[in-house]
Amino acid sequence: YPYTQRRKVLKSISDNGLTIEEGTITYTDSASGSYTFLETYTSAPNVVVTAHDSAGNNLVGVVLNITSISTSGVTVQSTANFTGTVNVQVLKVGD
């Protein structure tokens, strides 16, 4: 019998709800910013942040750290002052 290799397909199956939210924090020669969630969460959600400079050339030169996260928002600190935006992606499974 010939062996036919199947393509691997990754799936996630859940009976829980899924909440996805996106937003931005604007930095103007600053190193700290906050984002208030639009959705209501009963526990702290997962958050990913990405920096973009105002010139649009993706040469921000800073590292972002989430300094606090709660059910209502997130605070982000950069390693140096910069001017640009920080994209915020929020993901919560369940609730």
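Residues numbered from 1 in each chain as written. Predicted model: local features only at pLDDT ≥ 70, side-chain atom pairs only at ≥ 80, totals over all residues. Heavy atoms only, no water.

Quick look at the pairing of strand 3 (residues 64–69)
Then step 1. Inspection of the sheet shows strand 3 paired to strand 4 (residues 73–93) by five bridges, in the antiparallel sense. Pairing of Asn65 across the sheet is with Gln77, part of strand 4.
Then step 2. Between strand 3 and strand 4, which follow one another and run antiparallel, lie three residues. (Pairing = 2+ DSSP bridges. Helix = DSSP H or I, 4+ residues; strand = E, 2+ residues; numbered from the N terminus.)

Comments concerning a nonpolar patch on the surface
Then step 1. Residues Leu18, Ile20, Leu91 and Val93 make up a contiguous nonpolar surface patch of roughly 390 Å² in combined accessible area.
Then step 2. Of all the secondary-structure elements, those providing two or more residues to the nonpolar patch are strand 1 (18–36) and strand 4.
Then step 3. Its location among the elements puts Ile20 in strand 1.
Then step 4. Classification of Ile20 as exposed rests on a relative accessible area of 60%. (Patch = residues over 30% accessible without salt bridge, like charges linked within 9 Å, V, L, I, M, F, W, Y side chains within 5 Å. Areas by Shrake-Rupley, 256 points an atom, 1.4 Å probe, with all protein chains shown as cover. Salt bridge = Lys/Arg side-chain N within 4 Å of Asp/Glu carboxyl O. Buried < 20%, exposed > 50% of the residue type's maximum accessible area, 1.4 Å probe, protein only.)

Re unusual backbone geometry
Then step 1. The backbone phi angle of Asp29 is positive, close to 50 degrees, even though this residue is not glycine.
Then step 2. Here Asp29 shows up in strand 1.
Then step 3. On the basis of relative accessible area, Asp29 is assigned to the exposed category, the value being 53%.

Thoughts on the pairing of strand 2 (residues 46–53)
Then step 1. Residue alternation in strand 2 divides its side chains into a buried set, Val47, Val49, Ala51 and Asp53, and an unburied set, Asn46, Val48, Thr50 and His52.
Then step 2. Two elements, strand 2 and strand 4, share eight bridges in a ladder whose sense is antiparallel. When the sheet's bridge partners are listed, Asp53 is paired in strand 4 with Gly84.

Quick look at the packing of aromatic side chains
Then step 1. Evaluated as defined, the whole model comprises three aromatic pairs.
Then step 2. Between Tyr27 and Phe82 the ring centres are 4.9 Å apart and the planes differ by 20 degrees, which places this aromatic pair in the stacked class. Of this pair, Tyr27 sits in strand 1 while Phe82 sits in strand 4, placing them 55 residues apart in sequence. Here Tyr27 matches Phe82 in class, with each residue buried.
Then step 3. Between Phe37 and Tyr41, the ring centres sit 5.3 Å apart and the planes meet at 80 degrees, which makes this aromatic pair edge-to-face. The exposure classification of Phe37 matches that of Tyr41, with both residues buried.
Then step 4. Joined through ring pairs, the aromatic side chains of Tyr35, Phe37 and Tyr41 make up one cluster. (Phe/Tyr/Trp six-rings, centres within 6.5 Å; stacked < 30°, edge-to-face > 60°.)

Focus: the nonpolar core
Inside soluble globular proteins, nonpolar side chains tend to come together where they are buried.
Then step 1. Leu64, Phe82, Val86 and Val88 are the most contacted members of the largest nonpolar core, which totals 17 residues.
Then step 2. Looking at this core, the elements with two or more residues in it are strand 1, strand 2 and strand 4.
Then step 3. If you tally residues by element for this core, the top one is strand 4, at six residues.
Then step 4. With residues near it in sequence (within four places) discarded, Val86 still touches Gly23, Thr24, Ile25, Tyr27, Val49, Thr50, Ala51 and Leu64. (Core = buried A, V, L, I, M, F, W, Y, C linked by side-chain atoms within 4.5 Å. Contact = heavy atoms within 4.5 Å.)

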